[in-house]
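Summary of the model geometry
The residues making up each chain are set out below.
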Amino acid sequence: GQSLEQPSEVTAVEGAIVQINCTYQTSGFYGLSWYQQHDGGAPTFLSYNALDGLEETGRFSSFLSRSDSYGYLLLQELQMKDSASYFCAVNSWGKLQFGAGTQVVVTP
Amino acid sequence: ETGVTQTPRHLVMGMTNKKSLKCEQHLGHNAMYWYKQSAKKPLELMFVYNFKEQTENNSVPSRFSPECPNSSHLFLHLHTLQPEDSALYLCASSQDSSQGEGNQPQHFGDGTRLSIL
């Protein structure tokens, strides 16, 4: 079957670095995506990894290891506006399978 | 982002009512999706339409009936719903759902918060 595991909540202070891990089991794996969702808002696309390695987009970076079925999202220089839920999603046979999400709480 | 618009934002209905959720995308995409989001649970894919054709029905009960008259509009018709159907219903679009490889991010609407009395 298919499954994704990510922590339910992470708390950190402004300016800190947070790493959200995601492990998955799936068939037909094409890539791993990350989405951000603020309370009451729409999920918004952050990044996509199809190949092993690190992808950097500003303060956010995403990593993938296909051999380990593992990826992570790295949030650097945390800001209050980064408080949100973050979802990893496996692209499997052209469909997205989402994890349950990680609530990131940024404190002053 | 106003690329994907969903109406209404909130809906309260009784179990015997019939209502419809509407989604419209202005991104020129060819694929549209319905998801259900319940608290503390992963987004659940319900339906996929690609070029107006339904390509995925993820074992959704028949009390949910989708309609896609064109690539820009998607509806979800609701009837005889149950209390456990209370959730946030999200619509999304992407360029093409048939391309498995490659980065085709999905663009989501703000959702309709549905409450069943």
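Residues numbered from 1 in each chain as written. Chains lettered and ligands numbered in written order. Predicted model: local features only at pLDDT ≥ 70, side-chain atom pairs only at ≥ 80, totals over all residues. Heavy atoms only, no water.

Here's the deal with the overall build of chain A
Helix and strand counts for chain A come out as zero helices and eleven strands. Walking chain A from its N terminus toward its C terminus, one meets helices and strands in the order β-β-β-β-β-β-β-β-β-β-β. For a compact globule of 108 residues, the expected C-alpha radius of gyration is about 13 Å, and chain A comes in at 13 Å, within 12% of that figure. Along the longest, intermediate and shortest principal axes, the C-alpha atoms of chain A span 40 × 30 × 20 Å. (Helix = DSSP H or I, 4+ residues; strand = E, 2+ residues; numbered from the N terminus. Rg over C-alpha atoms; globule rule 2.2 N^0.38 Å.)

A look at the layout of surface pockets
It is a probe the size of a water molecule, rolled over the atoms, that shows where empty space is left. Within this model, the largest pocket holds a volume of roughly 530 Å³. As for the largest pocket, its lining consists of 24 residues, and the residues nearest its centre are A:Ser85, A:Gln103, B:Gln37, B:Ala39 and B:Lys40. Looking at the lining of the largest pocket, the elements that each hand over two or more residues are β1 (3–5), β9 (84–92) and β11 (102–107) of chain A. Partitioning the lining of the largest pocket into residue classes produces six nonpolar, twelve polar and six charged. Here the second largest pocket is characterised by a volume of approximately 210 Å³. (1 Å grid on protein atoms, 1.4 Å probe; cavity = no way out; pocket = protein on both sides within 12 Å on 5 of 7 lines; lining within 4 Å. Points joined across faces, edges and corners; volume = space filled by probe spheres on them. Nonpolar A, V, L, I, M, F, W, Y, C, P; charged D, E, K, R; others polar.)

A word on the sheet that holds strand β7 (residues 64–70) of chain B
Hydrogen bonding along the main chain pairs the strands of a sheet, whether they run parallel or antiparallel. Residue and element names in this part refer to chain B. With antiparallel pairing, the four strands of this open sheet are ordered in space as β1-β3-β8-β7. Strands at the two margins of the open sheet, each flanked by one partner only, are β1 (4–7) and β7. On average, each strand axis in the sheet is tilted by 15° relative to the strand beside it, whichever way the strands run. Two elements, β1 and strand β3 (residues 18–25), share four bridges in a ladder whose sense is antiparallel. In the strand pairing of β3, Thr7 is matched with Lys22. (Pairing = 2+ DSSP bridges. Axes fitted to C-alpha atoms, helices over the stretch in contact; angles between N-to-C directions.)

Quick look at the state of the cysteines
Simply put, the disulfide is a covalent bond whose two ends are the sulfur atoms of two cysteines. Inspection of every chain in the model, using the stated rule, returns two disulfides over all chains. Between the sulfur of A:Cys22 and that of A:Cys88 lies a disulfide, 2.2 Å long from S to S. Judged by the sign of its S-S torsion, about 75°, the cystine formed by A:Cys22 and A:Cys88 is right-handed. Of this pair, A:Cys22 sits in strand β3 (residues 18–25) while A:Cys88 is found in strand β9, placing the two residues 66 residues apart along the sequence. Grouping residues by exposure puts A:Cys22 and A:Cys88 together as buried. Here B:Cys23 is linked by a disulfide to B:Cys91, with a sulfur-sulfur distance of 1.9 Å. With the S-S bond torsion at -75°, the cross-link from B:Cys23 to B:Cys91 turns out left-handed. Pair noted here: B:Cys23 is in strand β3 and B:Cys91 is in strand β9 (residues 87–94), with a separation of 68 residues, a long-range link. Like B:Cys91, B:Cys23 is buried. (Disulfide = S-S within 2.5 Å. Buried < 20%, exposed > 50% of the residue type's maximum accessible area, 1.4 Å probe, protein only.)

Observations regarding the interface of chain B and chain A
Counting residues at the interface gives 21 residues for chain B, matched by 17 residues for chain A. For the pair chain B and chain A, the summed buried area comes to about 1,600 Å², and 58% of that belongs to carbon and sulfur atoms. For the pair chain B and chain A, the number of links is one salt bridge. Two residues, B:Glu56 and A:Lys95, come together in a salt bridge whose shortest N-O distance is 3.0 Å. Viewed at the interface, chain A and chain B are joined by five residue pairs in polar contact (both at pLDDT 80 or more). Contributions of two or more residues to the side of chain B that touches chain A are made by β4 (31–37) and β9 of chain B. (Contact = heavy atoms within 4.5 Å. Buried area = accessible area lost by both parts, 1.4 Å probe. Salt bridge = Lys/Arg side-chain N within 4 Å of Asp/Glu carboxyl O. Polar contact = N/O pair within 3.5 Å; in protein donor to acceptor, adjacent residues only side chain to side chain.)

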